[in-house]
Amino acid sequence: MKKLEEYITSIPDFPEKGIIFRDVTSVLQDADGFRLAVDSYMKMLEGVEFDVVVGIEARGFIFGATLAYLLHKPFIPARKPGKLPRETVSMEYELEYGTDSIELHADAVTPGQRVVLVDDLIATGGTVEAVAKLVERLGGKVVKIVFLMELAGLAGRQRLSGYDIDSAIIYEGK
Ligand code: AMP
């Protein structure tokens, strides 16, 4: 039986020089790999009491929606700007060069709801921090944040020190 790590492909210098891209499509395209990945997330959510799953565009949708289905919870997509058709709330965050923003439907999370955030990977933590702030702006409480992969060298965990974060695989570098 292969380990989850062995299903992940690392592509040097993609999408630009100096970045090692950690590709989950090679996990997804193998039925055993996909199951192993979902099982890893499920393990991280054991004992967590929550009401809603928020998945971050785009790879967070794949795993977030699967987890929401398996645990019979609602699924909320956190989307890039201009994609959600109804009233939204929006948060800008810093990239290495410039800024980006992320949106939720304004009625997606209601006050007091306990929310789990799901993405495939945490690098600097900027994206997930913006989503956490949006959830809080809507009155929700982020009770757990789960990733398949963490790039520890980029210190996302330190940036999100107030949150309960878990990753299935931790890469020491960037
Ligand atoms: P950050 O906001 O810096 O934590 O970046 C996280 C987002 O960028 C996630 O949605 C990741 O899917 C993507 N990402 C950042 N770095 C990488 C990487 N080295 N390989 C794959 N995806 C990455």
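Residues numbered from 1 in each chain as written. Predicted model: local features only at pLDDT ≥ 70, side-chain atom pairs only at ≥ 80, totals over all residues. Heavy atoms only, no water.

Let's talk about helix α3 (residues 31-44)
At step 1: Taking 1.5 Å per residue, 14 residues should reach 20 Å; α3 reaches 20 Å between its end C-alpha atoms and fits that length.
At step 2: All of the buried residues along α3 are G33, L36, A37, V38, S40, Y41 and M44.
At step 3: Packed against the buried residues of α3 are α1 (4-7), α2 (25-28), α4 (59-70), β7 (114-122), β8 (141-151) and β9 (165-171).
At step 4: Its side-chain oxygen at 2.9 Å from the backbone nitrogen of D32, D30 defines the N-terminal cap of α3. (Helix = DSSP H or I, 4+ residues; strand = E, 2+ residues; numbered from the N terminus. Expected span 1.5 Å × (residues − 1). Buried < 20%, exposed > 50% of the residue type's maximum accessible area, 1.4 Å probe, protein only. Contact = heavy atoms within 4.5 Å. Polar contact = N/O pair within 3.5 Å; in protein donor to acceptor, adjacent residues only side chain to side chain.)

Notes on the nonpolar core
At step 1: Of all hydrophobic cores here, the largest spans 27 residues; its most connected members are V54, I102, L104, L117, V128 and V135.
At step 2: Those elements that provide at least two residues to this core are β3 (52-56), β4 (75-78), β5 (88-94), β6 (99-105), β7, α5 (126-137) and β8.
At step 3: Considering every element that reaches this core, the biggest residue donor is α5, with 6 residues.
At step 4: Ranked by size, the runner-up nonpolar core spans 24 residues in total, among them L36, V38, M44 and F63. (Core = buried A, V, L, I, M, F, W, Y, C linked by side-chain atoms within 4.5 Å.)

Some thoughts on α5
At step 1: Counted at 1.5 Å a residue, the expected span for α5 with its 12 residues is 16 Å, and the 17 Å between its end C-alpha atoms agrees.
At step 2: Of the residues making up α5, those classed as buried are G126, V128, E129, A130, V131, A132, L134 and V135.
At step 3: One or two steps after α5, the chain reaches G139, where phi turns positive at roughly 95 degrees.

A short note on the site of the ligand
At step 1: As a matter of local geometry, the ligand sits amid 15 residues, with I20, D120, T124, G125 and T127 nearest to it.
At step 2: When the free accessible area of the ligand is taken as 490 Å², the share hidden by the protein chains comes to 81%.
At step 3: Residue assignment for the shell around the ligand shows that the elements contributing at least two residues are β2 (20-23), β7 and α5.
At step 4: Residue contributions to the shell around the ligand peak at 4 residues, all from β7.
At step 5: Residue composition of the shell around the ligand, grouped by class: 7 nonpolar, 4 polar and 4 charged. (Near = heavy atom within 4 Å. Areas by Shrake-Rupley, 256 points an atom, 1.4 Å probe, with all protein chains shown as cover. Nonpolar A, V, L, I, M, F, W, Y, C, P; charged D, E, K, R; others polar.)

Regarding the side chain of Q113
At step 1: Mapped onto the fold, Q113 is located in the loop between β6 and β7.
At step 2: The contact partners of Q113, leaving out residues within four places of it in the chain, are D51, V52, A108, G139, G140 and K141.

Comments concerning the packing of aromatic side chains
At step 1: A full pass over the atoms with the stated rule returns 4 aromatic pairs.
At step 2: Between the aromatic rings of Y41 and F63, the centroid separation amounts to 5.0 Å while the plane-to-plane angle is 35 degrees, which identifies the pairing as tilted. Of this pair, Y41 sits in helix α3 while F63 sits in helix α4, and the two are 22 residues apart along the sequence. Across the pair, exposure class does not vary: Y41 and F63 are buried alike. (Phe/Tyr/Trp six-rings, centres within 6.5 Å; stacked < 30°, edge-to-face > 60°.)

Some thoughts on the side chain of D23
At step 1: Take D23: it is sitting in strand β2.
At step 2: Despite its burial, D23 pairs with no opposite charge; the closest candidate is R59, at 5.8 Å N-O.
At step 3: Ignoring anything within four residues of it in the chain, the contact list for D23 reads I8, T9 and I11. (Lys, Arg positive; Asp, Glu negative; His and termini not counted. Salt bridge = Lys/Arg side-chain N within 4 Å of Asp/Glu carboxyl O.)

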